[in-house]
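The residues making up each chain are set out below.
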Amino acid sequence: MAEYNLKQYLKKLGVSKVGFADVGGIANNFSDLPNGISLVLKIPKKTIGYIIDENYEQYWRSVHQIMDELTKISFKGEEYIKILGYNALALTMNRNECDMKKLLSILPYKTIATKSGLGWIGRSALFVTSQYGSAVVLGAILTDMPLEFDKPVTDSMCNECVNCQDACPVDAINSTKWNNKLNRNDIIDIKACSEYVIDLYKKGLGCSKCMSECKFTLDYLNR
Ligand code: SF4
Ligand code: SF4
């Protein structure tokens with residue numbers, strides 16, 4: 001019952017999707033909090049429109065606001081669980097540092113999200129949901145509160161789509177379809193992507209073509 005209320009509470013705060021996963025044993029840093037709560041916040045259609053208009057200044061401003069909103073929700077969730085008598089940690093980016101060599105967080109949000117059954121990893125290596133495509137930001141809360149885990153997603157639903165591969169200006173995306181046995185390097189040349197994106201970011205630009213051109217993002221935009 002408490003976990004049902006927790007999902008309802010987080011949805012009331014504004015998350016678009018929420019799921020529960022067993023993430024014990026993935027990251028030693030968080031071994032005392034083995035249960036993961038994945039939080040997905042959709043990126044509004046208007047914000048995706050800024051990419052299409054190549055207005056990256058406005059796009060980044062909007063994305064940072066959405067991420068701040070998700071951080072606030074994570075902290076409220078942490079507080080809610082603690083009031084129930086359990087330990088909890090809002091897994092904010094400051095607490096889940098990114099290894100800049102590997103470009104991977106200690107406990108990747110995408111891992112928690114797929115294990116929570118909320119979506120899959122696209123050919124683009126982005127997290128994809130059937131409702132909003134890859135137009136989402138991800139957060140998480142870790143806890144020792146007992147949770148009924150959702151069914152993990154273990155395979156891609158990209159099917160024959162190759163939109164992102166075709167849209168990528170640096171050919172970073174190959175045609176391999178994700179499954180949970182593969183590593184990120186099996187599906188994307190992350191070095192080629194990040195060098196290109198960082199260079200553009202420094203100029204106040206960006207590249208999110210794999211997100212804006214994703215078949216499921218386009219379905220979301222056209223609904
Ligand atoms: S962000 Fe741009 S460069 Fe990187 S994979 Fe997506 S389309 Fe390619
Ligand atoms: S564009 Fe197509 S192949 Fe790429 S992530 Fe989206 S659904 Fe998958």
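The structure we're discussing is the one just above.
Residues numbered from 1 in each chain as written. Chains lettered and ligands numbered in written order. Predicted model: local features only at pLDDT ≥ 70, side-chain atom pairs only at ≥ 80, totals over all residues.

### Some thoughts on the overall build of the protein
Thought 1: Broken down by element type, the protein carries 9 helices and 8 strands.
Thought 2: In terms of C-alpha radius of gyration, the protein reaches 17 Å, essentially the compact-globule figure of 17 Å for 223 residues.
Thought 3: Counting only C-alpha atoms, the protein reaches 50 × 35 × 35 Å along its principal axes.
Thought 4: Scored against the burial criterion, the 223 residues of the protein give a buried share of 40%.
Thought 5: Long-range contacts, defined here as pairs at least 24 residues apart, represent 70% of the contacts in the protein between residues at least 6 apart. (Helix = DSSP H or I, 4+ residues; strand = E, 2+ residues; numbered from the N terminus. Rg over C-alpha atoms; globule rule 2.2 N^0.38 Å. Buried ≥ 20, exposed ≤ 12 C-beta atoms within 10 Å, placed from the backbone. Contact = placed C-beta atoms within 7 Å.)

### Remarks on helix α2 (residues 45–52)
Thought 1: For α2, the set of buried residues is Ile48, Tyr50 and Ile51. Summarising the axial view, the buried residues of α2 lie within an arc of 145°, below the 170-degree limit, and thus occupy one face.
Thought 2: Residues of α2 that are buried in the fold lie against α3 (56–83), α8 (209–212) and α9 (215–222).
Thought 3: Once α2 ends, the next one or two residues include Glu54, with phi positive near 60°. (Arc of directions from axis to C-beta.)

### Observations regarding the site of ligand 2
Thought 1: In the vicinity of ligand 2, the contacting residues are Gly122, Arg123, Ser124, Val128, Cys158, Cys161, Val162, Asn163, Cys164, Cys214, Lys215 and Phe216.
Thought 2: Going through the elements one at a time, α5 (163–167) and α9 are the ones with two or more residues in the shell around ligand 2.
Thought 3: When grouped by side-chain class, the residues that make up the shell around ligand 2 number 7 nonpolar, 3 polar and 2 charged. (Near = placed C-beta within 6 Å. Nonpolar A, V, L, I, M, F, W, Y, C, P; charged D, E, K, R; others polar.)

### Remarks on the nonpolar core
Thought 1: Membership of the largest hydrophobic core comes to 58 residues, with the highest contact counts inside it found for Leu39, Val40, Val136, Ala140 and Ile141.
Thought 2: Ranked by residues supplied to this core, first place goes to strand β8 (residues 136–143) with 5 residues.
Thought 3: With sequence-adjacent residues up to four places away left out, Val40 is seen in contact with Val15, Ser16, Lys17, Ala113, Leu118, Thr129, Val136 and Leu138. (Core = buried A, V, L, I, M, F, W, Y, C linked by C-beta atoms within 7 Å.)

### Side note on the site of ligand 1
Thought 1: The local shell around ligand 1 holds 14 residues, among which Cys168, Cys193, Cys207, Lys209 and Cys210 are the closest.
Thought 2: Taken together, the elements giving at least two residues each to the shell around ligand 1 come down to α7 (190–202) and α8.
Thought 3: Of the residues forming the shell around ligand 1, the biggest block, 3 residues, is contributed by α7.
Thought 4: A breakdown of the residues in the shell around ligand 1 according to their chemical character gives 11 nonpolar, 2 polar and 1 charged.

### Re the pairing of β8
Thought 1: Summarising burial for β8: 7 of the 8 residues are buried, a large majority.
Thought 2: Where strand β2 (residues 35–42) and β8 come together, 8 bridges link them in antiparallel fashion. Opposite Val40, over in β8, you have Leu138 as the bridge partner. (Pairing = 2+ DSSP bridges.)

### Some words on the environment of Cys158
Thought 1: The topology assignment puts Cys158 in the loop between β8 and α5.
Thought 2: Accessibility expressed as a C-beta count within 10 Å gives 22 for Cys158, which makes it buried.
Thought 3: For the pair formed by Cys158 and Pro146, sequence separation is 12 residues and the distance between their alpha carbons is 33 Å.

### Comments concerning the sheet that holds β8
Thought 1: In spatial order, the strands read β1-β2-β8-β3; together these 4 strands make up an open sheet with antiparallel pairing. Each edge of the sheet is formed by a strand with only one pairing partner; in this case those strands are β1 (17–22) and β3 (88–90). Recorded for the sheet is a direction-independent mean angle of 25° between the axes of neighbouring strands.
Thought 2: Here α3 sits on the sheet in contact with β2, β3 and β8, set at roughly 20° to β8. (Axes fitted to C-alpha atoms, helices over the stretch in contact; angles between N-to-C directions.)

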